[in-house]
Amino acid sequence: MLSVGRRSINNVVYQQVTDALFGRKQIEIQYASIKQTISRRSISPQTLVLYRDNWYLDAYCHQRQQLRTFMLSRINSAVISAEDAIEFNNHELKQHFHNSYGIFSGENTHTAELLFSAHVAHQVAQQQWHPHAKGQWHGDDYQLTLPYNDQRELLRDLLAYAPDVQIMAPAELKEAYFQRLKDALSKSEAYSRTIKF
């Protein structure tokens, strides 16, 4: 088994999280943001998810007073509290965490309309992008429609298919995609000017 993009996790943190899950207890954590800003949180763990080779914890954050997803590799420390965890039923958790595209939770607020060229169409058609995704063939091209809430992960996946994907809608996703491509080209050109071959 070859894992790509797996982030290492602290075994003590993993043990504390699983013990709290089974014991239905709250956890006090130190959490690092993507910019490495550390925050202290009190959370009620709900489910542990292995997604794309990385562990995530779905939990209720008592500071934010809402359900959140925490990447285990960003939890620097975890201590089980004596307080009982606030529990949510499976329907509530599914509604919040599993309706949107990828790991980002929340209610779907956008619908992406995508057209993949014949070069990648069969590969795309064989993937499960989202439980509510709909696909149809247009000649040799494949059109895919799927709901999403946060465009970040969807953008990363679409960029992997450049130049064989055309974003038909919505306009903001299309603009964000073009901006990413322009930024990458601009940085590549700037870097190449500093390198002497």
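Note that residues are indexed from 1 along each chain, following the sequence as it is written. A pLDDT threshold of at least 70 governs which residues receive local features in this predicted model, and a stricter bar of 80 or more applies before side-chain atom pairs are shown or counted, although totals over entire chains, interfaces and linings include all residues. Excluding hydrogens and water, the side-chain figures rest on all heavy atoms present in the structure.

K.L.:
I tried to follow the nonpolar core on my own but got confused; where do I start?
P.N.:
As a rule of thumb, nonpolar side chains are buried together in soluble globular proteins. Core analysis: the biggest nonpolar cluster contains 20 residues, and Leu114, Phe116, Val124, Trp129, Leu144, Leu158 and Leu173 have the highest contact counts within it. Elements represented by at least two residues in this core include exactly strand E6 (110–116), helix H3 (118–126), strand E8 (141–148), helix H4 (151–159), strand E9 (165–169) and helix H5 (171–194). Where helices and strands are cited, they refer to DSSP runs of H or I of at least four residues and of E of at least two residues respectively, numbered from the N terminus. Top element by residues in this core is E8. It accounts for four residues. By definition, residues are in contact when any of their heavy atoms lie within 4.5 Å. Each residue touching Leu173, except ones within four places of it in the same chain, is listed here: Ala112, Tyr148, Gln151, Leu154, Leu155, Leu158 and Ile167. Buried Ala, Val, Leu, Ile, Met, Phe, Trp, Tyr and Cys residues form a nonpolar core when they are joined through side-chain atoms within 4.5 Å. The classification of residues rests on relative accessible area computed with a 1.4 Å probe and restricted to protein chains. Under 20% of the type maximum is buried, over 50% is exposed, and intermediate values are partly exposed. Ranked by size, the runner-up nonpolar core spans 17 residues in total, among them Val13, Val17, Ile75 and Ala78.

K.L.:
Would you explain the sheet that holds strand E3 (residues 54–61) in this entry?
P.N.:
Strand-to-strand pairing in sheets goes through backbone hydrogen bonds, with the strands running parallel or antiparallel. Paired strands, in this sense, are two strands between which DSSP finds at least two bridges. In spatial order, the strands read E4-E3-E2-E1-E5; together these five strands make up an open sheet with antiparallel pairing. Only two strands of the sheet have a single partner each, and these edge strands are strand E4 (66–71) and strand E5 (75–84). Ignoring which end each strand starts from, the neighbouring axes of this sheet average 45° apart. In this structure, strand E1 (residues 25–32) lies alongside strand E2 (residues 38–51), joined through six bridges in antiparallel fashion. If you follow Gln30 over to E2, its bridge partner there is Arg40. Axis lines are fitted through C-alpha atoms, for helices just across the contact stretch, and the angle between N-to-C directions can take any value from 0 to 180 degrees.

K.L.:
What am I meant to see in the pairing of E8 here?
P.N.:
The side chains of a regular strand alternate between the sheet's two faces. Counting buried positions along E8 gives six out of eight residues, so the element sits mostly inside the fold. Note: E6 against E8, seven bridges, orientation antiparallel. Looking across to E8, one finds that Leu114 is bridged to Leu144. As paired elements, strand E7 (residues 134–138) and E8 share five bridges and run antiparallel to each other. Residue pairing for E8: Lys134 is matched across the bridge by Thr145. The turn joining E7 and E8, which pair antiparallel and follow one another in sequence, is formed by two residues; a positive phi near 65° is taken by Gly139.

K.L.:
In this structure, what is going on with the pattern of salt bridges? I would like to understand it.
P.N.:
Pairing between side chains of opposite charge can happen when their charged atoms approach one another. A side-chain nitrogen of Lys or Arg and a carboxyl oxygen of Asp or Glu constitute a salt bridge if their distance falls within 4 Å. In this structure the tally under the stated criterion is three salt bridges. Among the ionic pairs, Asp84 bridges to Lys25, the shortest N-O distance being 2.7 Å. One end of the pair, Asp84, is in strand E5; the other, Lys25, is in strand E1, and 59 residues separate them in sequence. Taking the relative accessible area as the measure of exposure, Lys25 reaches 25% and is therefore partly exposed. A salt bridge links Asp150 to Arg152, with the shortest nitrogen-to-oxygen separation between them at 2.7 Å. Residue classification places Asp150 among the buried residues on the basis of a relative accessible area of 18%. Among the residues examined, Arg152 registers a relative accessible area of 43% and is labelled partly exposed.

K.L.:
Could you clarify how one ought to interpret the sheet that holds E8 in this entry?
P.N.:
Reading across the sheet, the four strands line up as E7-E8-E6-E9 and stay open at both edges, with antiparallel pairing between neighbours. Since the sheet does not close on itself, it has two edges, and those belong to E7 and E9, each with one partner. The average undirected angle you get between the axes of adjacent strands in this sheet is 25°. Pairing geometry for E6 and E9, over four bridges, is antiparallel. Bridge pairing in E9 places Leu115 opposite Gln166. Of the strands in this sheet, E6, E7 and E8 are in contact with H3, which crosses E8 at around 50°.

K.L.:
Just to check I follow, could you spell out the side chain of Asp150 for this structure?
P.N.:
Structurally, Asp150 is set in the loop between E8 and H4. In this structure the side chain of Asp150 is engaged in a polar contact, spanning 2.7 Å, whose partner is the side chain of Arg152. N or O atoms closer than or at 3.5 Å make up a polar contact, with two conditions inside protein: a donor-capable atom paired with an acceptor-capable one, and, for residues adjacent in sequence, both atoms drawn from side chains.

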